[in-house]
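An overview of the molecular structure
Below, each chain spelled out in residue letters.
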Amino acid sequence: MPELPEVEIARRSLQTWLKGHEVVRAHAEPVRVFRGAERRDFEKVTGKLMKADRRGKYLMLQFSSGEGALCHLGMTGKFVRRPAGQAEPYSRAQWVLETGEVIHFKDPRMFGRIEPAPNGEVGRLRAIAALGIDPLVDGLEWQQLKDAVGKSKTPLKVALMDQSRVAGLGNIHAAEALFRAGLHPARKPGTLDDAEWKKLTQAIHKSLAFALQAQEGDDEIHYVEEPGTKNPFLIYGRAGKPCQRCKTKVQSMTQGGRTSHFCSHCQPLKPKKGTHR
DNA sequence: TGACCCCTGGCC
DNA sequence: GGCCAGGGGTCA
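Residues numbered from 1 in each chain as written. Chains lettered and ligands numbered in written order. Predicted model: local features only at pLDDT ≥ 70, side-chain atom pairs only at ≥ 80, totals over all residues. Heavy atoms only, no water.

**Observations concerning the protein's contact with DNA strand C**
Quick reminder of the rule: One heavy atom within 4 Å of a molecule or strand is enough for the residue carrying it to be called near that molecule or strand. Pairs of N or O atoms within 3.5 Å make up the polar contacts considered here, provided that, within protein, one atom can donate a hydrogen while the other can accept it, and that residues adjacent in sequence are counted only when both atoms are side-chain atoms. Classes in brief: Ala, Val, Leu, Ile, Met, Phe, Trp, Tyr, Cys and Pro nonpolar; Asp, Glu, Lys and Arg charged; the others, Gly included, polar.
Contacts to DNA strand C come from 14 residues, most closely from Tyr 58, His 72, Met 75, Tyr 236 and Arg 258. Of all atoms in DNA strand C that approach within 4 Å of the protein, 53% are sugar or phosphate atoms. Between a phosphate oxygen of DNA strand C and a side-chain N or O atom of His 72, the distance comes to 2.2 Å. Arg 113 places a polar side-chain atom, nitrogen or oxygen, 3.3 Å from a phosphate oxygen of DNA strand C. Of the residues contributing to the surface near DNA strand C, the split by class is five nonpolar, four polar and five charged.

**Some points on the protein's contact with DNA strand B**
Inspection of the region around DNA strand B gives Arg 32, Tyr 90, Pro 108, Arg 109, Met 110, Phe 111, Lys 153 and Thr 154 as its neighbouring residues. When the atoms of DNA strand B within 4 Å of the protein are sorted by group, sugar and phosphate make up 59%. Within the side chain of Tyr 90, a nitrogen or oxygen atom sits 2.8 Å from a phosphate oxygen of DNA strand B. For the surface near DNA strand B, the residue count by class is four nonpolar, one polar and three charged.

**A word on the environment of Val 166**
Just so we agree on the cut-off: Secondary structure elements are taken from DSSP: a helix is a run of H or I of four residues or more, a strand is a run of E of two residues or more, and numbering for both begins at the N terminus. In what follows, residue pairs with any heavy atoms lying within 4.5 Å of each other are defined as contacts.
Relative to the helices and strands, Val 166 resides in the loop between α6 (156–160) and α7 (171–181). Expressed as a C-alpha distance, the spacing of Val 166 and Ala 148, which sit 18 residues apart in the sequence, is 7.2 Å. Setting aside residues no more than four positions away along its own chain, Val 166 makes contact with Ile 133, Pro 135, Leu 145, Val 149 and Leu 160.

**Notes on a nonpolar patch on the surface**
To keep it simple, the criterion reads: Distance thresholds for patches are 9 Å for like charges and 5 Å for nonpolar side chains (Val, Leu, Ile, Met, Phe, Trp, Tyr), applied to residues having over 30% relative accessible area and no salt bridge. The accessible surface values rely on the Shrake-Rupley method and a 1.4 Å probe; as for residues, cover is taken only from the protein chains in view. Think of a salt bridge as a Lys or Arg side-chain nitrogen and an Asp or Glu carboxyl oxygen that are within 4 Å of each other.
On the surface, Met 1, Met 75 and Phe 111 cluster together into a nonpolar patch covering about 300 Å² of accessible area. Inspection of the secondary structure puts Met 1 in the segment before α1 (4–18).

**Structural notes on the pattern of salt bridges**
Applied cut-off: Burial classes follow relative accessibility: with a 1.4 Å probe on protein chains only, a residue under 20% of its type's maximum area counts as buried, one over 50% as exposed, and anything between as partly exposed.
Counted under the stated rule, the structure contains 14 salt bridges. Measuring nitrogen to oxygen at the nearest pair gives 2.8 Å for the salt bridge that ties Glu 8 to Arg 54. One end of the pair, Glu 8, is in helix α1; the other, Arg 54, is in strand β2 (residues 49–55), with 46 residues separating them in the sequence. Each member of the pair Glu 8 and Arg 54 is classed as buried. Judged by its relative accessible area of 6%, Arg 54 falls in the buried class.

What is shown is where atoms sit, not what they do.
In structure tokens:
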């Protein structure tokens, strides 16, 4: 599931692939990915890639034609580079380079989104204006996290996934950060003390850094997996299995319509008295 | 603020 | 064969 790190990798890949090249033709399939946007406008998104920015899980691309695009990978969206003439399953949009190579936006489930817009408007679209702090672009200090999330009345994990507060965390990295910080996903944000906000901020940066370094120069993230498992994460997707730290059985619960995984021992709901401050 | 919906591959 | 995954938009 693309969260901030995967989108950042996509951004870097596009920059690499398009550097020194030119999109000579853009084509969009008649699919949901384009939502309300004029699909035909995508065909104007050509030329050299001038700028590739990311904010949260959104990519903002600007081209020398003057036309750009706002892209969201959704759950299964991905940019791939293929040789000329090679069919790509689930390709929803294509950029053809002067070399004949094709950059496909593939997205089997079509939760992704592409919105063509003139360069000057790409960064001002409503979806972008609504985003909160991006931990990589803006940096994220613990006071900022406390300000953005601390007043929320929703469970901590739900608040962390609220893109208008912190932009870029999804179900996986929110769960990972909470585990690293030793915080229960159902804690009320208002009950965290400063030490816990500091821990959580560090944990967010660590979780994102882990994902970004796991990628190592390739065009997609290859998480390092524990031997014998298919799951590289500390807590995400480990329901019913022993916690990697304390061997307590990992719990799962539904929050905001998403599954949350946590360890009731490492992430107690009631903060331990006297261990902080 | 929360429920519902979109969509389909993959897993049980 | 059926259910689950889930980001984000929309609507009550």
